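Secondary and tertiary structure notes
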Amino acid sequence: MSESRIPDRHARLLAYAQSLTPPSGWKIEISGDEIIVMAGSSVIHQRNLLLIRRQFEAHEPAGLMPSENTDLASPNVGKLRNPDLTYIPLSAVEEGGNQVPAEQAAIAVEVVSPSNPENDLVGKVRDYPLMAIPL
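A short tour of the structure in this document, coming up. As the structure is a prediction and not an experimental result, all values here were calculated from the model.

**Some remarks on the environment of E118**
- By the secondary structure assignment, E118 is in helix α4 (residues 117-130).
- Sequence separation between E118 and S24 is 94 residues, and the spatial gap between their C-alpha atoms is 23 Å.

Spelled out as structure tokens, the structure:
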């Protein structure tokens, strides 16, 4: 099996996005050749996410931990996304850094933002399967 290689344009875009310093509370994502900068979530959004997270906790698989606003990177397909909630292996924490390879995520959960629903309902629904996130 050959080793996968990050396409040059995706590597350059990822490096550029990582060099940006967004204002506190803002997030940066990449979808294809597009950098997306988003404002932080509202209190209502956070409450809704809490309610969802509590439902997930009752069924949390062993060896996985919940993580909110974790960068999931998939440079081979030019994606860097930051779901509202994901479950990642505990071993991902030991690797350190600010990103987790997207294929390690068990799920990506989104609370649809009224200010930018297209990103959640179209872009992320398209990108998460391409990033090898199963749910």
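And the narrative resumes.
**Focus: the layout of surface pockets**
- Put simply, the largest pocket is a space of about 500 Å³.
- If you trace the largest pocket, you find 28 residues lining it, with A39, G40, S41, H45 and S113 closest to the centre.
- Within the residue set of the lining of the largest pocket, elements represented by two or more residues are β2 (34-38), α2 (43-57) and α4.
- A class-by-class count of the residues in the lining of the largest pocket yields nine nonpolar, 12 polar and seven charged.

**Some points on the nonpolar core**
- The biggest cluster of nonpolar side chains holds 10 residues, and these are L72, I88, A92, V100, A102, A105, A108, Y128, M131 and I133.
- Once residues lying within four places of it in the same chain are set aside, the contact partners of M131 are L72, S74, V77, K79, R81, A102 and E103.

**Points about the side chain of K124**
- Locating K124 in the fold gives a position in helix α4.
- Classification of K124 as buried rests on a relative accessible area of 2%.
- A polar side-chain atom of K124 sits 3.2 Å from a polar atom in the side chain of E110.
- Once residues within four sequence positions are removed from consideration, K124 is found in contact with E29, M38, R81, N82, E110, N119 and P129.

**Considering a nonpolar patch on the surface**
- On the surface, V112, L121 and V122 cluster together to form a nonpolar patch covering roughly 250 Å² of accessible area.
- For V112, a relative accessible area of 39% corresponds to the partly exposed category.

**What to know about the environment of D127**
- On the secondary structure map, D127 appears in helix α4.
- On the basis of relative accessible area, D127 is assigned to the buried category, the value being 0%.
- In this structure, the C-alpha to C-alpha distance between D127 and Q46, residues 81 residues apart in sequence, is 23 Å.
- When sequence neighbours within four positions are dropped, the list of residues in contact with D127 reads S31, K79 and R81.
- A polar side-chain atom of D127 sits 2.9 Å from a polar atom in the side chain of R126.

**So, the sheet that holds strand β1 (residues 27-31)**
- If you trace the five strands from one edge of the open sheet to the other, you get β2-β1-β5-β4-β7, paired in mixed fashion. Each end of this open sheet is capped by a strand with a single partner; those strands are β2 and β7 (99-101). Going from strand to strand, the sheet's axes swing by 30° on average, the running direction of each strand aside.
- Against the sheet, α4 engages β1, β2 and β5 (79-81), with an angle of about 125° to β5.

**Let's talk about the pattern of salt bridges**
- On inspection of all chains with the given rule, the structure shows seven salt bridges.
- When the shortest N-O distance is used, the salt bridge between K124 and D120 registers 3.7 Å. Linking K124 with D120, this pair stays in helix α4, spanning four residues, or about one helical turn. D120 matches K124 in its accessibility class, with the two residues each being buried.
- Here D127 and R126 are joined by a salt bridge, their closest N and O atoms 2.9 Å apart.
- You can call R126 partly exposed: its relative accessible area is 42%.

Each value, and the rule that gives it
Residues numbered from 1 in each chain as written. Predicted model: local features only at pLDDT ≥ 70, side-chain atom pairs only at ≥ 80, totals over all residues. Heavy atoms only, no water. Helix = DSSP H or I, 4+ residues; strand = E, 2+ residues; numbered from the N terminus. 1 Å grid on protein atoms, 1.4 Å probe; cavity = no way out; pocket = protein on both sides within 12 Å on 5 of 7 lines; lining within 4 Å. Points joined across faces, edges and corners; volume = space filled by probe spheres on them. Nonpolar A, V, L, I, M, F, W, Y, C, P; charged D, E, K, R; others polar. Core = buried A, V, L, I, M, F, W, Y, C linked by side-chain atoms within 4.5 Å. Buried < 20%, exposed > 50% of the residue type's maximum accessible area, 1.4 Å probe, protein only. Contact = heavy atoms within 4.5 Å. Polar contact = N/O pair within 3.5 Å; in protein donor to acceptor, adjacent residues only side chain to side chain. Patch = residues over 30% accessible without salt bridge, like charges linked within 9 Å, V, L, I, M, F, W, Y side chains within 5 Å. Areas by Shrake-Rupley, 256 points an atom, 1.4 Å probe, with all protein chains shown as cover. Salt bridge = Lys/Arg side-chain N within 4 Å of Asp/Glu carboxyl O. Pairing = 2+ DSSP bridges. Axes fitted to C-alpha atoms, helices over the stretch in contact; angles between N-to-C directions.

Without other data, these values stay purely geometric and don't point to any function.
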